[in-house]
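Listed below are the residues making up each chain.
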Amino acid sequence: MEPIEKSMARVMNFLAAKFPNELVLKGGMLLRILQSPRETNDIDYAWIRTKRRRLFAKDIEKKLEALEGILVR
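Now for a description of the structure that goes with this document. Predicted model only: the values in this text are computed from it and were never measured.

### Examining the overall build of the protein chain
Here comes step 1: Each helix and strand in the protein chain was counted, giving three helices and two strands.
Here comes step 2: With respect to the principal axes defined by its C-alpha atoms, the protein chain has extents near 35 × 30 × 20 Å.
Here comes step 3: Long-range contacts, defined as pairs at least 24 residues apart, comprise 51% of the intrachain contacts of the protein chain with a sequence gap of at least 6.
Here comes step 4: With the model as given, the accessible surface of the protein chain reaches about 5,800 Å², and the carbon-plus-sulfur share is 53%.
Here comes step 5: In the protein chain, 15 positive and 10 negative side-chain charges are present, and the distance between their average locations comes to 7 Å.

### Points about unusual backbone geometry
Here comes step 1: Although it is not a glycine, Gln35 sits at a positive phi angle of roughly 75°.
Here comes step 2: Given a relative accessible area of 69%, Gln35 falls into the exposed group.

### Description of the environment of Phe14
Here comes step 1: Mapped onto the elements, Phe14 comes out in helix H1 (residues 4-18).
Here comes step 2: Residue classification places Phe14 among the buried positions, given a relative accessible area of 16%.
Here comes step 3: Sequence spacing of Phe14 and Asp44 is 30 residues, and the spatial spacing of their C-alpha atoms is 14 Å.
Here comes step 4: When sequence neighbours within four positions are dropped, the list of residues in contact with Phe14 reads Lys63, Leu64 and Leu67.

### What about a nonpolar patch on the surface?
Here comes step 1: The grouping of Leu30, Ile33 and Leu34 at the surface amounts to a nonpolar patch, some 260 Å² of accessible area in total.
Here comes step 2: Its place among the elements puts Leu34 in the loop between helix H2 (27-33) and strand S2 (44-47).
Here comes step 3: A relative accessible area of 59% means that Leu34 is categorised as exposed.

### Let's talk about the nonpolar core
Here comes step 1: Grouped together as the largest cluster of nonpolar side chains are ten residues: Val11, Phe14, Leu15, Phe19, Leu23, Trp47, Phe56, Ile60, Leu64 and Leu67.
Here comes step 2: Among the secondary structure elements, those contributing two or more residues to this core are H1 and helix H3 (53-64).
Here comes step 3: Setting aside chain neighbours within four positions, we find Leu67 in contact with Arg10, Val11 and Phe14.

Rules used throughout
Residues numbered from 1 in each chain as written. Predicted model: local features only at pLDDT ≥ 70, side-chain atom pairs only at ≥ 80, totals over all residues. Heavy atoms only, no water. Helix = DSSP H or I, 4+ residues; strand = E, 2+ residues; numbered from the N terminus. Contact = heavy atoms within 4.5 Å. Areas by Shrake-Rupley, 256 points an atom, 1.4 Å probe, with all protein chains shown as cover. Lys, Arg positive; Asp, Glu negative; His and termini not counted. Charge placed at Lys NZ, Arg CZ, Asp CG, Glu CD. Buried < 20%, exposed > 50% of the residue type's maximum accessible area, 1.4 Å probe, protein only. Patch = residues over 30% accessible without salt bridge, like charges linked within 9 Å, V, L, I, M, F, W, Y side chains within 5 Å. Salt bridge = Lys/Arg side-chain N within 4 Å of Asp/Glu carboxyl O. Core = buried A, V, L, I, M, F, W, Y, C linked by side-chain atoms within 4.5 Å.

Quick look at the structure:
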């Protein structure tokens, strides 16, 4: 099992590649990337409304299921 930080980095890189114009990173993880000492254990995104929320959520879920070692609930 890989460390949580590595899993989070894989998910963030994956989502950035798959949805470059639809998701914007925000919150504690963004601050952490910018060298803030703030601790965080989640990834927050702002969604740029390009399609209905329900359809977009299904798109994200389907893509994340392709990531090895990542469990989508």
